[in-house]
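Read off the chains here:
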Amino acid sequence: MSLNCGIVGLPNVGKSTLFNCLSNAKAQAANFPFCTIEPNVGVITVPDERLNALVEIDHPKRVVPATMEIVDIAGLVKGASRGEGLGNKFLANIRETDAIIHVLRCFDDPNVTHVDGSVDPVRDKEIIDTELQLKDLETIENRIGRVEKQAQSGGDKTAKRLLSILKQYKEVLEQGKNARVLEWDSKDDQKLARDLFLLTDKPVLYVCNVDDAAAKDGNAYVEAVRQAIAGENAQLLVVAAKTESEIAEFETYEERQMFLQELGLDESGVNRLIKASYALLNLQTYFTTGPDESRAWTFVKGTKAPQAAGIIHSDFEKGFIRAEVIKYEDYIRYRTEAACKEAGKLAVEGKDYVVQDGDILHFRFNV
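Fair warning: this is a prediction, and the values are worked out from it, not measured in the lab.

What counts and how
- Residues numbered from 1 in each chain as written.
- Predicted model: local features only at pLDDT ≥ 70, side-chain atom pairs only at ≥ 80, totals over all residues.
- Heavy atoms only, no water.
- pLDDT = per-residue confidence, 0-100.
- Contact = heavy atoms within 4.5 Å.
- Patch = residues over 30% accessible without salt bridge, like charges linked within 9 Å, V, L, I, M, F, W, Y side chains within 5 Å.
- Areas by Shrake-Rupley, 256 points an atom, 1.4 Å probe, with all protein chains shown as cover.
- Salt bridge = Lys/Arg side-chain N within 4 Å of Asp/Glu carboxyl O.
- Lys, Arg positive; Asp, Glu negative; His and termini not counted.
- Charge placed at Lys NZ, Arg CZ, Asp CG, Glu CD.
- Helix = DSSP H or I, 4+ residues; strand = E, 2+ residues; numbered from the N terminus.
- Buried < 20%, exposed > 50% of the residue type's maximum accessible area, 1.4 Å probe, protein only.

What follows is about the confidence of the model for the protein. Taken residue by residue, the protein gives an average pLDDT of 88. The fraction at 70 or more is 90%. Segment residues 26–39 is flagged for pLDDT under 50; beyond a separation of four residues in sequence, or across chains, it makes 32 contacts in the model.

Next up, the structure:
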């Protein structure tokens, strides 16, 4: 699964600190590895307590968690849409990501300078928004010129519908709003809109980087951001990147948990960020488990059984016969596939079955 999230933000907001915390994440009892496939791209494991529970039951020889990619994108400056600084590279990198983690500085620290001289996360958000909106507006205006001719020629209904979508986007962007505020009712419109690959239409998670004191409940800066994104169809998460870097230094799971308890936190910010990013990409997990291997497999929400089987191997999809499905809660209760079957908790599903998050699957196929 090649979907990824890009971390963006102005200089000195804690973006790289957060990326480094993710790179050292030891969120689960089992210390699964992090690897860097490029200097600014990391493959990180997705914390999932369900996989740990399956491991405790089956004691497999091998454990394979779900993973996802995080991309650390170069800092942005004003004028990026016109190529200022690393603007062109910044915008190109964002275009290649599937979702955006937008880090905002929500802490005061005289020892950490701010590129604009003062701490104002809403202003910082608007700087990046404006640059992305300007680039999207340029994209829209270029497309309108071409599509208008097709729509006026007569019978091209798709062109007429696309022109309507483009004009609605143009109106929203000219108002200084992000494209994601628009939602489309029909699947055809959704596809036309998605195929435009607008920067401000990507799913976004705003991460408010706070100090230790605000790690649990946030602060006034966080509330200002929360109000600013109301109605934008976006999510918000509070993380103390400096605290997370301290957590990453602990060697054992027990030490990390004790430190979190002292801060009044149930779970590390890195854990919550990875899970939120996974959900932001519309990803879910199914499992295969047994004495040889317990494994988490990543799929896009809404995937049907044959396509889910194809994630394991293309032959599974080509020769798909059926999927044997056990719900996670039932497996935890009965503890073996045989016991689940005896209790009537193993369902046999065909090609139209939509895989659910947490399903434990066994595919039957013939090639």
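Once that is clear, we can look at a negative patch on the surface. A cluster of acidic side chains, namely Asp108, Asp211, Asp212, Glu246 and Glu249, defines a negative patch on the protein surface. Structurally, Asp212 can be placed in the loop between strand 7 (204–209) and helix 7 (220–228).

A few words on the pattern of salt bridges. Following the criterion strictly, the structure yields 22 salt bridges and no others. Lys275 is the salt-bridge partner of Glu49, the closest N and O atoms lying 3.0 Å from each other. Linking Glu49 in helix 2 (residues 49–58) with Lys275 in helix 10 (residues 269–280), this pair joins segments that are 226 residues apart in sequence. Given the relative accessible area of 47%, Glu49 is considered partly exposed. A salt bridge links Asp129 to Lys125, with the nearest nitrogen and oxygen atoms 2.4 Å apart. Within this pair, Asp129 and its partner Lys125 are both found in helix 4 (residues 121–152), separated by four residues, close to a single helical turn. Ionic contacts of the salt-bridge type, sharing partners, join the residues Lys125, Asp129, Arg180 and Glu232 into one network.

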